[in-house]
Amino acid sequence: MRITGISTHVVGTPWRNLTYVLVHTDEGITGVGETRMLGHTDALIGYLREAEANHILGSDPFALEDLVRRMKYGDYGRAGEIVMSGIAVVEMACWDIKGKALGVPVWQLLGGKVTDKVKAYANGWYTTERTPEAYHKAAQAVMERGYKALKIDPFGTGHFELDHEQSLYAVSLIEAVRDAIGPDAELMLEMHGRFSPATAVRLARELAPFKPAWLEEPVPPENLKALEKVAAKVDMPVATGERIHDRIEFRELFESQAVDIIQPDVGHIGGIWETRKLAATAETHYMLVAPHNVGGPVLTAASLQVGFTAPNFKILEHFNDFADADIKKVVKGAPEVIDGYFHLSDKPGLGVELDVEAAAEFPQQQARFDLWAEGWEQRKPKGAQK
């Protein structure tokens, strides 16, 4: 079997574009991959156009390790977010092809299942007025859908510092959410790399009574020493990793022991096999894995292949019941959360199919997502279609 070409399909919303890639073969089997780029969608498509000619055409989709190696190192330049995302969409599509050809789900090819279900946590649910009352109501709605965990960034446009008044307001939001979800549900606290170490530590301590399940990206991701400073002073698990785009770059993070939960994005770190390798390394450091997942149903399905096979897999993020829920229409067999969990599927490959005609109803947009802009949490920026 050989790859005869790829085709790209961009599904657009005002705040994010989802890029789907179909990998075609000479035996008529087609696989699908997906990633979500912020502001770099055209760059990704441009890279894939060149990579198709230079590396992908004529390749054996079963020879995943070789194809990834050539795409990553064959152009000599150091691979960053765009290249690693391009590798990811092609790689997961090849896994899809391999599973379909063999008649088995991808998780079976990764060593088999260690669990029948993966816990989900909701994100994108607080696209409402930023008040305790509105957040209380929205959080209750999440629980009513069966979720047992959710995540929130309550810090507005906070950057490095957060003054006393803003801090009290953030605390009031978290208090309302905890009251809405009860004592048993997990509440993940997201900081989006906003703060200085001192501010992050102060806020973590002020929010500790509400029992956050983890403290995510308390400081910008570029400075590992700053993260170590925070980890040494807080009494809750620390999570990070969504903005690390190469498995090798996690090495120093592992060595530092400054993090308890790593959050690679399967769509940015080179795909399913790279993430599974990373999970194995995390296991040797007694760390859990909870992938960043702001994509659509295909990226969710790809992340679940790792989730069903990794003993240290904690939980998977899920946006698609809340922000832009209509995009689930573009994929047949989209994974669903039932009673707070994704459940094992025996469908071959990734178990999902892109509906190209449905995808065409969501054309690419000038998607914009600015964490420093007032009202970012509503995810409704003004954007014109391309």
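Since the structure is predicted, the reported quantities are computational estimates derived from the model, not experimental observations.

Chemist: I keep staring at the packing of aromatic side chains and nothing clicks. Help me out?
Modeler: Each aromatic ring pair is summarised here by two numbers: the centre-to-centre distance and the angle between the ring planes. With the rule as written, the count across this model stands at 12 aromatic pairs. Plain terms: the ring middles of Phe 155 and Phe 195 are 5.2 Å apart, the flat faces sit at 90° to each other, and that makes the pair edge-to-face. One end of the pair, Phe 155, is in the loop between β5 (149-152) and α6 (164-181); the other, Phe 195, is in the loop between β6 (186-190) and α7 (197-207), with 40 residues separating them in the sequence. The residues Phe 155 and Phe 195 share a single accessibility class, namely buried. Through successive ring pairs, a cluster of aromatic residues spans Trp 15, Trp 125, Tyr 126, Tyr 135, Phe 319, Phe 369 and Trp 376. The residue whose ring lies beneath Arg 145 is Phe 322, and the NZ or CZ to ring-centre distance is 5.4 Å. Above the ring of Tyr 126, the side-chain terminus of Arg 379 is found at 6.0 Å from the ring centroid.

Chemist: Mind showing me how you'd approach empty space enclosed by the protein here?
Modeler: Rolled over the atoms, a probe as big as a water molecule pinpoints where empty space is left. Tallied over the entire structure, the rule returns one cavity of 30 Å³ or more. Its boundaries defined by the atoms lining it, the largest cavity holds a volume of some 30 Å³. As for the largest cavity, its lining consists of Leu 64, Glu 65, Val 68, Glu 91, Trp 273 and Glu 274. The element that contributes the greatest number of residues to the lining of the largest cavity is helix α2 (residues 64-73), accounting for three residues. Partitioned by chemical class, the residues of the lining of the largest cavity number three nonpolar, no polar and three charged.

Chemist: Hey, could you run me through helix α8 (residues 224-231) in this one?
Modeler: Helical geometry note: an α-helix holds 3.6 residues per turn, so side chains three or four residues apart project in the same direction. Of all the residues in α8, the buried ones are Ala 226, Leu 227 and Val 230. Axial view of α8: buried residues confined to an arc of 100°, hence all on one face. With a side-chain oxygen lying 3.1 Å from the backbone nitrogen of Lys 225, the N-terminal cap of α8 falls on Asn 223.

Chemist: When you look at the layout of surface pockets in this model, what are you seeing that I'm missing?
Modeler: Quantified by volume, the largest pocket comes out at close to 570 Å³. What lines the largest pocket is a set of 30 residues, among which Leu 38, Glu 242, Arg 243, Phe 369 and Leu 371 lie closest to the centre. Here the residues of the lining of the largest pocket sort into 10 nonpolar, eight polar and 12 charged. Looking at which domains feed residues into the lining of the largest pocket, each of domain 1 (3-105) and domain 2 (108-351) gives three or more. Volume-wise, the second largest pocket comes out at about 360 Å³. Lining the second largest pocket are 19 residues, and of these Pro 221, Glu 222, Leu 224, Ile 244 and Glu 249 sit closest to its centre. At the level of secondary structure, the elements contributing two or more residues to the lining of the second largest pocket comprise α8 and α9 (251-256). It is α9 that provides the largest number of residues to the lining of the second largest pocket, a total of three residues. Residue composition of the lining of the second largest pocket, grouped by class: eight nonpolar, four polar and seven charged.

Chemist: Could you clarify how one ought to interpret the domain arrangement of the chain in this entry?
Modeler: Put simply, an interface is often sized by how much accessible area is lost when its parts join up. Per the domain assignment, the segments making up the chain are domain 1 (3-105) and domain 2 (108-351). Computed over C-alpha atoms only, the centres of domain 1 and domain 2 are separated by 25 Å. The interface is formed by 33 residues belonging to domain 1 together with 39 residues belonging to domain 2. When the two sides are added together, the surface that domain 1 and domain 2 hide from each other amounts to roughly 2900 Å², 60% of it contributed by carbon and sulfur. Its largest share of buried area at the contact with domain 2, domain 1 owes to Arg 16, Trp 95 and Pro 105, together 23% of the area lost on that side.

Chemist: What is the right way to look at the nonpolar core in this model?
Modeler: The nonpolar side chains of a soluble globular protein tend to be buried with one another. In this structure, Trp 125, Leu 150, Ile 262 and Ile 272 are the most contacted members of the largest nonpolar core, which totals 118 residues. With 11 residues, the top contributor of residues to this core is helix α3 (residues 81-102). Once you skip the residues sitting within four places of it in the chain, Ile 272 turns out to touch Glu 91, Met 92, Trp 95, Val 106, Leu 110, Val 266, Ala 302, Gln 305, Val 306 and Leu 350.

Chemist: Looking at this model, I keep getting lost on the pairing of strand β1 (residues 3-12). Mind explaining?
Modeler: Residues in a regular strand point their side chains to alternate faces of the sheet. For β1, the buried fraction is high: seven of the 10 residues fall into the buried class. For β1 and strand β2 (residues 17-25), the ladder comprises nine bridges, and the chain directions are antiparallel. Of the residues in β2, the one forming a bridge with Val 11 is Leu 18. Between β1 and β2, which pair antiparallel one after the other, the connecting turn spans four residues.

Chemist: Explain the sheet that holds β1 here, please?
Modeler: The strands that make up a sheet are held in pairs by hydrogen bonds between backbone atoms, and each pair lies either parallel or antiparallel. One open sheet holds the three strands; their spatial order is β1-β2-β3, and the pairing between them is antiparallel. Two strands bound the open sheet, and with one partner strand each, they are β1 and β3 (30-37). Shown here is a sheet whose adjacent strand axes are inclined to one another by a mean of 20°, direction ignored. Pairing of β2 with β3 involves eight bridges; the strand directions are antiparallel. Residue pairing for β3: Val 21 is matched across the bridge by Gly 33. On the sheet, helix α1 (residues 41-56) packs against β1, β2 and β3 and is oriented at approximately 175° with respect to β1.

Criteria and thresholds
- Residues numbered from 1 in each chain as written.
- Predicted model: local features only at pLDDT ≥ 70, side-chain atom pairs only at ≥ 80, totals over all residues.
- Heavy atoms only, no water.
- Phe/Tyr/Trp six-rings, centres within 6.5 Å; stacked < 30°, edge-to-face > 60°.
- Helix = DSSP H or I, 4+ residues; strand = E, 2+ residues; numbered from the N terminus.
- Buried < 20%, exposed > 50% of the residue type's maximum accessible area, 1.4 Å probe, protein only.
- Lys NZ or Arg CZ within 6 Å of the ring centre and 35° of its normal.
- 1 Å grid on protein atoms, 1.4 Å probe; cavity = no way out; pocket = protein on both sides within 12 Å on 5 of 7 lines; lining within 4 Å.
- Points joined across faces, edges and corners; volume = space filled by probe spheres on them.
- Nonpolar A, V, L, I, M, F, W, Y, C, P; charged D, E, K, R; others polar.
- Arc of directions from axis to C-beta.
- Polar contact = N/O pair within 3.5 Å; in protein donor to acceptor, adjacent residues only side chain to side chain.
- Domains from an automatic or database assignment.
- Contact = heavy atoms within 4.5 Å.
- Buried area = accessible area lost by both parts, 1.4 Å probe.
- Core = buried A, V, L, I, M, F, W, Y, C linked by side-chain atoms within 4.5 Å.
- Pairing = 2+ DSSP bridges.
- Axes fitted to C-alpha atoms, helices over the stretch in contact; angles between N-to-C directions.

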